[in-house]
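Remarks on the overall topology
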Amino acid sequence: MAPTRAAPFSDSSALIDFVINQGNGVKGLSELGLETLPEQYIQPLEERMCMTNIVPEESIPVIDMSNWEDPEVTKLICDAASEWGFFQIINHGVPVEVLENVKDATYRFFNLPVEVKNMYSKEHLPSKNVKFGTSFAPHAEKALEWKDYLSLFYVSDEEASTFWPCVCREQVLEYMKKSKVVIKQLLKVLMKGLNVNEIDETKESMLMGSMRTNLNYYPICPNPELTVGIGRHSDVSTLTILLQDEIGGLFVRGNKKDSWVHIPPIKGSLVINVGDALQIMSNGRYKSVEHRVFANGSTNRISVPIFVNPRPTDMIGPLTELIASGEEPIYKQILYSDYVKHFFHKPHDGKKTIEFAEI
Ligand SMILES: CC(C)(COP(=O)(O)OP(=O)(O)OC[C@H]1O[C@@H](n2cnc3c(N)ncnc32)[C@H](O)[C@@H]1OP(=O)(O)O)[C@@H](O)C(=O)NCCC(=O)NCCSC(=O)/C=C/c1ccc(O)cc1
Ligand SMILES: O=C(O)CCC(=O)C(=O)O
Ligand SMILES: [Fe+2]
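Calculation rules
Residues numbered from 1 in each chain as written. Chains lettered and ligands numbered in written order. Predicted model: local features only at pLDDT ≥ 70, side-chain atom pairs only at ≥ 80, totals over all residues. Heavy atoms only, no water. Near = heavy atom within 4 Å. Polar contact = N/O pair within 3.5 Å; in protein donor to acceptor, adjacent residues only side chain to side chain. Helix = DSSP H or I, 4+ residues; strand = E, 2+ residues; numbered from the N terminus. Nonpolar A, V, L, I, M, F, W, Y, C, P; charged D, E, K, R; others polar. Core = buried A, V, L, I, M, F, W, Y, C linked by side-chain atoms within 4.5 Å. Buried < 20%, exposed > 50% of the residue type's maximum accessible area, 1.4 Å probe, protein only. Contact = heavy atoms within 4.5 Å. Donors = N, O, S within 2.8 Å, 3.2 Å for Na, K, Ca; no water. Arc of directions from axis to C-beta. Phe/Tyr/Trp six-rings, centres within 6.5 Å; stacked < 30°, edge-to-face > 60°. Salt bridge = Lys/Arg side-chain N within 4 Å of Asp/Glu carboxyl O. Areas by Shrake-Rupley, 256 points an atom, 1.4 Å probe, with all protein chains shown as cover. Pairing = 2+ DSSP bridges. Axes fitted to C-alpha atoms, helices over the stretch in contact; angles between N-to-C directions. pLDDT = per-residue confidence, 0-100.

Concerning the site of ligand 2
Neighbouring ligand 2 are 13 residues, the closest being Asn216, Tyr218, His291, Arg301 and Ser303. With respect to ligand 2, the side chain of Asn216 contributes an N or O atom lying 3.1 Å from an oxygen atom. The side chain of His233 places a nitrogen or oxygen atom 3.1 Å from an oxygen atom of ligand 2. Looking at the shell around ligand 2, the elements that each hand over two or more residues are strand 6 (210-218), strand 7 (230-233), strand 12 (291-293) and strand 13 (301-309). Tallying contributions element by element places strand 13 first for the shell around ligand 2, with four residues. Residues belonging to the shell around ligand 2 are distributed by class as follows: seven nonpolar, four polar and two charged.

Considerations on the nonpolar core
One finds Ile77, Leu150, Tyr175 and Leu186 to be the most contacted residues of the largest nonpolar core, which totals 75 residues. Broken down by element, the residue count for this core peaks at 11 residues, all from helix 7 (residues 169-192). Aside from chain neighbours lying at most four places away, what touches Ile77 is Ile63, Met65, Phe87, Leu186, Val189 and Leu190. Residues Phe9, Val19, Leu34 and Leu37 belong to the second largest nonpolar core, which totals 14 residues.

As for the coordination of the iron ion (ligand 3)
Around a metal, the ideal angle is 109.5 degrees if four donors adopt a tetrahedral arrangement and 90 or 180 degrees if six donors adopt an octahedral arrangement. Taken together, the protein ligands of the iron ion (ligand 3) are His233 (NE2), Asp235 (OD) and His291 (NE2), with distances of 2.1 to 2.2 Å. All donors of the iron ion (ligand 3) belong to a single chain; written as a sequence motif, their spacing is H-x1-D-x55-H. Taken together, the residues Asp235 in the loop between strand 7 and strand 8 (239-244) and His291 in strand 12 connect sequence positions 56 residues apart. Here the two residues Asp235 and His291 agree in accessibility, since each one is buried.

Regarding helix 1 (residues 12-21)
Those residues of helix 1 that fall on the buried side of the exposure criterion are Leu15, Phe18 and Val19. Looking down the long axis of helix 1, one finds its buried residues gathered within 85° of arc, a one-sided arrangement. Looking at the buried side of helix 1, the elements it contacts are helix 2 (25-31) and strand 4 (130-134). Looking one or two residues beyond helix 1, the residue adopting positive phi is Gly23, at roughly 80°.

Focus on the packing of aromatic side chains
Here the structure, examined in full by the defined rule, presents 14 aromatic pairs. Measuring from centroid to centroid gives 5.1 Å for Tyr41 and Trp146, while their planes differ by 75°, and the two rings are edge-to-face. With Tyr41 in the loop between helix 2 and strand 1 (53-54) and Trp146 in the loop between strand 4 and strand 5 (148-153), this residue pair connects regions lying 105 residues apart in the sequence. No difference in accessibility class separates Tyr41 from Trp146, as the two residues are buried.

With respect to the pattern of salt bridges
Considering all chains together, one arrives at 16 salt bridges under this definition. Note that Arg232 and Glu47 form a salt bridge whose closest N and O atoms lie 2.9 Å from each other. One end of the pair, Arg232, is in strand 7; the other, Glu47, is in the loop between helix 2 and strand 1, and 185 residues separate them in sequence. Owing to a relative accessible area of 15%, Glu47 belongs among the buried residues under this scheme. One network of salt bridges, in which partners are shared, links Glu47, Arg232, Arg253 and Glu290.

Structural notes on the site of ligand 1
Taken together, 26 residues form the shell around ligand 1, and within it Lys122, Lys131, Ser151, Arg212 and His348 come nearest. In the model, an oxygen atom of ligand 1 is placed 3.0 Å from a nitrogen or oxygen of the Lys128 side chain. In this structure, Lys147 approaches ligand 1 through a side-chain N or O atom, which is 3.2 Å from an oxygen atom. For ligand 1, whose unbound accessible area comes to 1,100 Å², protein coverage reaches 83%. Within the residue set of the shell around ligand 1, elements represented by two or more residues are strand 5, strand 6, strand 7, strand 13 and helix 11 (336-344). Sort the elements by how many residues they give to the shell around ligand 1 and helix 11 lands first, with six residues. Here the shell around ligand 1 is built from residues that sort into 11 nonpolar, eight polar and seven charged.

Regarding the sheet that holds strand 6
Within the open sheet, the eight strands sit side by side as 2-3-11-8-13-6-5-4. Their pairing is mixed. The sheet is open, and its two edges are formed by strand 2 (62-64) and strand 4, each paired on a single side. Strand after strand, the sheet turns through a mean of 25° between neighbouring axes, direction not considered. The pairing of strand 5 with strand 6 spans six bridges and is classified as antiparallel. By the bridge assignment, Ser151 is partnered in strand 6 with Asn214.

Some thoughts on helix 8 (residues 201-208)
Within the span of helix 8, buried status applies to Lys203, Ser205, Met206, Leu207 and Met208. Of the surrounding elements, those touching the buried residues of helix 8 are helix 7, strand 6, helix 9 (276-281), strand 13, strand 14 (315-316) and helix 10 (320-324).

A word on the confidence of the model for the chain
Interpretation of the predicted coordinates at a detailed level should be avoided for regions scoring low in pLDDT. Across the chain, the average pLDDT comes to 95, with 97% of residues at or above 70. Counting interchain partners and residues more than four positions distant, the pLDDT-below-50 stretch residues 1-5 has 12 contacts.

Here is the structure:
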């Protein structure tokens, strides 16, 4: 590790150049051994961890998927999706070694030399489906987030073998493939909870027509209390399947006013959350809930979400079955790629994205 330095950058543009343009990311910053957090990462007071009202006595449901068709289990799933928007699943059928392999692969990717990782940045790769980046929307954010990521949009195995980094390709593909079984089970249960008993081809495309896996890397941070790993947001997916490591730091908005609830790591479990697309399709019945990730002062952390999405070309809106049964639609029909573009073009701002779809 380089000797400890307080402020190695002459000005703000030198730091931005190092982190974003040269592709060193926050991992590069972290490895400089900075004593203090660069000011670009200092979040407004209200977004910081010290201002957060954490409720230790609450926790999201943990659901055993062994008997996923049992009415008691299906009720737990539907209730969790409408009350919390988040739950953890155990005995979900995705082999532990598949999960361990994808975590190892995440470290392998981020430990590559900067020049190699940089080949996967937007500027350097001809494919739009692979993106190595940092923070969320660095050109639009007032304060940056302490996170680097690799985002992999799945098109086909052939496309992946051409463009995805070979150090993680097979492991991510296997993780996606093995997760599909439990994704289908969850969607079947959630649709049944809305009295939608058949998932035909059109509906399957709307629910899970495209998938994106992100490898998130949150390096050790000086002054973690001043910044965030990821700011408050809800996902724009239908469902997100999240693998986190044993470090912790993911918080979800609780049911009490202004409260936040920690999602404790459980070995072998997966965190499931409802995204905006499912909130829209269920006409508000299932909730996509704000969540955020704290920065950590002593340990690197990784997480690997699979975002299960409609296809970019799908029109999404409240399901016809719900409207036919007499419900008043609260969301309009929108082109899914317009919704996602709206999300990516602005900094994280909690639950605001969904206003784009409101009538
Ligand atoms: C609308 C997309 C995303 C892009 O369309 P495009 O017209 O080809 O436009 P660009 O590729 O130029 O991307 C538009 C902007 O979004 C940015 N972007 C394009 N994917 C990405 C990307 N995965 N990451 C972070 N910027 C991106 C991209 O860099 C660019 O930023 P900028 O150059 O500043 O205009 C299109 O690929 C699409 O419809 N994809 C399929 C659906 C899809 O990916 N859904 C997303 C599910 S992801 C999700 O639920 C949550 C993600 C999330 C991620 C990070 C968080 O911190 C929190 C949550
Ligand atoms: O790192 C985590 O635990 C959560 C990541 C997340 O919310 C996201 O990538 O959308
Ligand atoms: Fe998220």
